[in-house]
Amino acid sequence: VWNLPPYSPLALLQQGLEPVRRVMAANMRHAAALRIDHVLGFARQFWVPRGAEGRHGAYVRFPLDGLLAVTALESRRNRCLVVGEDLGTVPEGLRERLAQAEVFSYRVLWFEREGRGFRRPEAYPARALACLASHDLPTFAGWRRGRDIAIGRELGQIGEEDVPSRMAERAREIALLDDLAGSTGAGEAEASAAAHGLVARTPSRIMLIQADDLAGETDPLNVPGTDREWPNWRRRVSTPVESLTQPPLARGIIAGVKEERSP
């Protein structure tokens, strides 16, 4: 969809990884922190020939050690912290290698699971950015109401016959999260504050709160796997930026996070 050609790993090595170093330098020059999207591409990328189907693609290896080295070099030069989005099909050992290079991990509550339940806060790594969700995932209100399941049905991503089982599974997940966060029987606003408080209790050194969750949005900003089917990146936050932290929902979330994150 992006129509962006990938770097050739052989050409990068021939040029001493200079193109990547220049990109890192330009982005870090005026930033205190840099999040590298799809950092798994430092180790390998899945390439599909033009006009072919996904089953005809293959993984192409990239010079991980060299890419981490130039990233570390520019990070040190520009005093810029680096966060790697290490989500998806993570190659074995990559998270450990990123941690050795002091690249912060990216931990999202929806993905942090232990069996069928949610991972306890103390199990999160310290050198990480923790958050409840991201732009590609359901907001808290949308997740709790099953809005993502409804959208999947509307777009044909989820069959009508699968909706009841998906909603039943979601109800079970909500109960597990409420139990872990201590919000069983609470309303949606209180449950949101408790869930954010749960993430705030992790030892992860950085925590993010989405503007969408402060505003109580239900529709996601982006639905992966869609192009024209869903108005991706076009929905505006319903609450003006100037007053985003003022509604009771936002105040409750912020208060819960401050209570857990206070020095």
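Criteria and thresholds
- The residue numbering used here restarts from 1 in each chain and proceeds along that chain's sequence as written.
- With the structure being a predicted model, the display of local features is reserved for residues of pLDDT at least 70 and the display and counting of side-chain atom pairs for 80 or more, all residues being used for whole-chain, interface and lining totals.
- In computing side-chain properties, one takes all heavy atoms of the structure into account and sets aside hydrogens as well as water.
- Secondary structure elements are taken from DSSP: a helix is a run of H or I of four residues or more, a strand is a run of E of two residues or more, and numbering for both begins at the N terminus.
- For the radius of gyration, the atom set is restricted to C-alpha positions; the globular benchmark scales as 2.2 Å times the number of residues to the power 0.38.
- For every residue, the accessible area (1.4 Å probe, protein chains only) is compared with the maximum for its type, and the residue is labelled buried under 20%, exposed over 50%, or partly exposed between those bounds.
- Residue burial considers only the protein chains on display, and all accessible areas are found by Shrake-Rupley using a 1.4 Å probe.
- By the counting scheme adopted, Arg and Lys are positive, Glu and Asp are negative, and His together with the chain ends is not counted.
- All charge positions are set by atom: Lys at NZ, Arg at CZ, Asp at CG, Glu at CD.
- Method remark: on a 1 Å grid restricted to protein atoms, a set of points is classed as a cavity if a 1.4 Å probe fits but cannot get out and as a pocket if it is open with protein on both sides within 12 Å along at least five of seven lines; lining residues have an atom within 4 Å of a point.
- Grid points are joined across faces, edges and corners, and a volume is the space filled by probe spheres set on the points.
- All amino acids are sorted into three groups, where Ala, Val, Leu, Ile, Met, Phe, Trp, Tyr, Cys and Pro are nonpolar, Asp, Glu, Lys and Arg are charged, and the leftover types, Gly among them, are polar.
- We call two residues in contact whenever any of their non-hydrogen atoms come within 4.5 Å of each other.
- Geometry of aromatic contacts follows a simple scheme: Phe, Tyr and Trp rings, the Trp one being its six-membered ring, pair when their centres are within 6.5 Å, and the pair is stacked under 30 degrees between planes, edge-to-face over 60, tilted otherwise.
- Cation placement over rings: the criterion is NZ of Lys or CZ of Arg within 6 Å of the ring centroid and within 35° of the ring normal.
- DSSP bridges decide pairing: two strands pair if at least two such bridges lie between them.
- Interaxial angles span 0 to 180 degrees and are taken between N-to-C directions of axes, which are lines fitted to C-alpha atoms, for helices over the stretch in contact.
- Just to be clear on terms, a salt bridge is a Lys or Arg side-chain nitrogen sitting within 4 Å of an Asp or Glu carboxyl oxygen.
- Every angle not falling under 35 degrees, over 145, or within 65 to 115 is termed oblique; those three ranges are roughly parallel, roughly antiparallel and roughly perpendicular.
- Crossing chirality is assigned from the near helix's rotation relative to the far helix, an anticlockwise turn below a right angle marking it left-handed and a clockwise turn marking it right-handed.

A. Inspection of the overall build of the protein chain at higher detail. Per the secondary structure count, the protein chain includes 10 helices and nine strands. In terms of C-alpha radius of gyration, the protein chain reaches 20 Å, essentially the compact-globule figure of 18 Å for 263 residues. Overall, the C-alpha framework of the protein chain stretches about 60 × 50 × 40 Å when taken along its three principal axes. In the protein chain, which comprises 263 residues, the share counted as buried stands at 41%. By element, 52% of the accessible surface of the protein chain is carried by carbon and sulfur atoms, the whole surface being about 15000 Å². Within the protein chain, the 34 negative side-chain charges are centred at a point lying 6 Å from the centre of the 35 positive side-chain charges.

B. Spotlight on the layout of surface pockets. Size it by volume and the second largest pocket reaches roughly 500 Å³. For the second largest pocket, the lining is made up of 23 residues, of which Asp136, Leu137, Pro138, Asp148 and Arg170 are closest to its centre. Those elements that provide at least two residues to the lining of the second largest pocket are helix H6 (147-154) and helix H7 (163-181). Of the residues contributing to the lining of the second largest pocket, the split by class is 11 nonpolar, five polar and seven charged.

C. Representation of the side chain of serine 192. Its location among the elements puts serine 192 in helix H8 (residues 188-200). Those residues in contact with serine 192, other than ones at most four positions away along the chain, are Phe140, Leu249 and Ile253.

D. Structural detail: the packing of aromatic side chains. For the structure on display, the rule yields six aromatic pairs. Relative to tryptophan 143, the ring of tryptophan 110 has its centre 4.3 Å away and its plane inclined at 20°; by these criteria the two rings are stacked. On the criterion of sequence distance, the pair formed by tryptophan 110 in the loop between strand E5 (105-108) and strand E6 (113-114) and tryptophan 143 in helix H5 (residues 140-145) is long-range, its members being 33 residues apart. Owing to a relative accessible area of 3%, tryptophan 143 belongs among the buried residues under this scheme. Seen from their ring centres, phenylalanine 118 and tryptophan 143 are 6.3 Å apart, and the 80° between their planes marks the pair as edge-to-face. With phenylalanine 118 in strand E7 (residues 117-118) and tryptophan 143 in helix H5, the pair connects residues that are 25 residues apart, well separated along the chain. Accessibility classification places phenylalanine 118 together with tryptophan 143 in one group, the buried group. Directly above the aromatic system of tyrosine 106 lies the positively charged group of arginine 35, at a separation of 4.7 Å from the ring centroid. Arginine 113 extends its terminal NZ or CZ atom over the ring of phenylalanine 118, reaching a point 4.1 Å from the ring centre.

E. Up close: the sheet that holds strand E9 (residues 206-208). In spatial order, the strands read E5-E8-E9; together these three strands make up an open sheet with parallel pairing. Each of the sheet's edge strands pairs with one partner strand only, and the pair in question is E5 and E9. This sheet shows a mean twist of 25° between the axes of neighbouring strands, independent of strand direction. As judged from the three bridges shared by strand E8 (residues 128-131) and E9, these two strands associate in the parallel manner. Each bridged residue has a counterpart across the sheet, and for leucine 129 the counterpart in E9 is isoleucine 206.

F. Focus on the pattern of salt bridges. A full pass over the atoms with the stated rule returns 26 salt bridges. A salt bridge links arginine 153 to glutamate 160; the nearest nitrogen and oxygen atoms lie 3.8 Å apart. Since its relative accessible area comes to 34%, arginine 153 is described here as partly exposed. We note a salt bridge from arginine 235 to aspartate 212, for which the minimum N-O separation is 2.7 Å. Of the two residues, arginine 235 is situated in the loop between helix H9 (211-215) and helix H10 (248-261) and aspartate 212 in helix H9; the sequence distance between them amounts to 23 residues. Residue arginine 235 is classed as partly exposed on the basis of its relative accessible area, which comes to 21%. Note on aspartate 212: relative accessible area 10%, which makes it buried.

G. Representation of the packing of H6 against H7 in the model. Direction vectors running N to C along H6 and H7 enclose 165°, while the axes themselves pass 10 Å from each other. The angle between H6 and H7 falls in the class roughly antiparallel. Here the hand of the crossing between H6 and H7 comes out right-handed. Of the residues in H7, those in contact with Asp148, Ile149 and Arg153 of H6 are Val163, Arg166, Met167 and Arg170.

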